[in-house]
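Each chain, written out:
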Amino acid sequence: TNGKTTCAFLLRDILQHAGQRPGMIGTVHYELGNRTLPADRTTPTAFDFQAMLAEMVGAGLESVVLEISSHALDQRRIGSVPLHGALFTNLSGDHLDYHLTMERYLEAKTLLFTEYLAPGAPAVLNCDDPDGARMAAHLLTRDPPVRLRTYGCTPGADACMRDCRTSLTGTTLSLALPDGDLSLSTPAMGLFNAYNVAGVVALADALGIPWDAIKAATAAFEGAPGRLEPITGTNGLKVFVDYAHTDDALRNVLATLRALNPETLRVVFGCGGERDRSKRARMAKVAAELADVLIITTDNPRREDPARIIDDMRAGLPPDKDATVIADRATAIYQAVADSGGRDALLIA
């Protein structure tokens, strides 16, 4: 659920450092070779998807990095296109307005490996995630067998993370791969980004990409747009913008910022309308647990009443913690910045 965009951007960069000219289809935009289009959804609808691939072929591109949403997998939007490698990062509560249960959500994700992976292509899974471990065990029983590669801190992982250290300046880690240990550094912060790096590097290594290209791309990678993206104010205030729209993603980002020991950690956040209502209270609970000051605002209510969304969120607040509600998003951001000082951190989620 979390990490797809960051992983897609990093894999694209690794392919470029390896001398390829890849395209990309994902949440932020569509890179088609001769032009880049803003994305209206993570994975385009079936005919648009095929048209984009055709345009990439016409532009001379050799490969494409895809973010494939659970909706797209369930709806078979990518048709019969065989994938030459696939990566599963984790599963957390989201999209239950569509899938209804976590079990059906996981079944949709599993289609990535059971229906779309080309024979012999690597399937890379996070074995530290309970659902990733379940999926890996399931794939081992398939005939013909899937070329499985796991990653994580769990002893015995095919790409085992060691000596992981993260700070405001970035992250370093060592990966024990089948052919030896690979030391990596990246400007991207946070343990969750260490996992993103580990997963992508495990996939790139399984695809036979040289280690020098992997190391160079990772060392230069500062993250994807809107993913823990830092903005420094003239007074030294540390502002971060992040796409976090689930409780798990919000927890990852706030925990990373909490570790920076700011004097005050503020968060401006909302929940989208006409989407999974069950995560609204959970997001507010996580924000109350990890942030000092909460400002609840709107976040693309679509056709739903913003006041109802905010009420759903406030239901998750513990009795001893309240939040300021500023429904207009621009006003909420201005207020949060105005209230913050040079030793504070502000997350705009």
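All values derive from a computational prediction rather than experimental measurement. (Residues numbered from 1 in each chain as written. Predicted model: local features only at pLDDT ≥ 70, side-chain atom pairs only at ≥ 80, totals over all residues. Heavy atoms only, no water.)

1. A short note on the pairing of strand β13 (residues 265-269)
For β13, the tally of buried residues reaches 5 of 5 residues, placing the bulk of the element in the interior. Burial along β13 is two-sided: the face carrying Leu265, Val267 and Phe269 and the face carrying Arg266 and Val268 are both buried. For β13 and strand β16 (residues 345-348), the ladder comprises 4 bridges, and the chain directions are parallel. Within β16, the residue paired with valine 268 across the bridge is isoleucine 348. (Buried < 20%, exposed > 50% of the residue type's maximum accessible area, 1.4 Å probe, protein only. Helix = DSSP H or I, 4+ residues; strand = E, 2+ residues; numbered from the N terminus. Pairing = 2+ DSSP bridges.)

2. Some thoughts on the side chain of glutamate 67
Within the secondary structure layout, glutamate 67 lies in the loop between β4 (63-66) and α3 (70-74). Buried and unpaired, glutamate 67 has lysine 4 as its nearest opposite-charge partner, separated by 5.0 Å. Within the local environment of glutamate 67, its side chain forms a polar contact with the side chain of threonine 5, the two groups lying 2.9 Å apart. Of the polar contacts made by the side chain of glutamate 67, one reaches the backbone nitrogen of threonine 27; its length is 2.9 Å. Ignoring anything within four residues of it in the chain, the contact list for glutamate 67 reads Lys4, Thr5, Ala8, Ile25, Gly26, Thr27, Thr42 and Thr43. (Lys, Arg positive; Asp, Glu negative; His and termini not counted. Salt bridge = Lys/Arg side-chain N within 4 Å of Asp/Glu carboxyl O. Polar contact = N/O pair within 3.5 Å; in protein donor to acceptor, adjacent residues only side chain to side chain. Contact = heavy atoms within 4.5 Å.)

3. Examining the nonpolar core
If you look at the biggest cluster of nonpolar residues, it comprises 34 residues, and the most contacted ones within it are Ile14, Tyr151, Leu175, Leu184 and Ile214. If one sorts the elements of this core by residue count, helix α7 (residues 191-206) sits on top with 9 residues. Ignoring any residue separated from it by four or fewer positions in sequence, one finds isoleucine 214 in contact with Ile14, Leu182, Leu184, Val201, Ala204, Asp205 and Ile209. Within the second largest apolar cluster, 32 residues are counted, among which are Leu73, Leu111, Leu125 and Val146. (Core = buried A, V, L, I, M, F, W, Y, C linked by side-chain atoms within 4.5 Å.)

4. Quick notes on helix α1 (residues 4-17)
In this model, α1 (14 residues) spans 20 Å end to end at C-alpha, consistent with the 20 Å of a helix rising 1.5 Å per residue. Here α1 has its buried residues at Thr5, Thr6, Cys7, Ala8, Phe9, Leu10, Leu11, Arg12, Asp13, Ile14 and Leu15. One or two residues past the end of α1 sits glycine 19, with phi positive at roughly 95°. (Expected span 1.5 Å × (residues − 1).)

5. With respect to the packing of α1 against helix α8 (residues 211-220)
Relative to each other, α1 and α8 sit at 130°, their axes nearing to 8 Å. Relative to α8, the element α1 is oriented oblique. The hand of the α1/α8 crossing is right-handed. Contact residues: α1 offers Leu10, Asp13, Ile14 and His17, while α8 offers Ala213, Ile214, Ala216, Ala217 and Thr218. Here the contact of α1 with α8 is built from residues that sort into 6 nonpolar, 2 polar and 1 charged. (Axes fitted to C-alpha atoms, helices over the stretch in contact; angles between N-to-C directions. Parallel < 35°, antiparallel > 145°, perpendicular 65-115°, else oblique. Left-handed = near helix turned anticlockwise from the far one by under 90°. Nonpolar A, V, L, I, M, F, W, Y, C, P; charged D, E, K, R; others polar.)

6. Some words on the pairing of strand β1 (residues 22-25)
Residues in a regular strand point their side chains to alternate faces of the sheet. By the alternation rule, side chains of β1 split into Pro22 and Met24 and Gly23 and Ile25, which are all buried. Sheet topology note: the β1/β4 ladder contains 4 bridges and is parallel. Bridged to methionine 24 within β4 is valine 65. By the bridge criterion, 2 bridges tie β1 to strand β2 (residues 29-31) in an arrangement that is antiparallel. Bridged to methionine 24 within β2 is glutamate 31.

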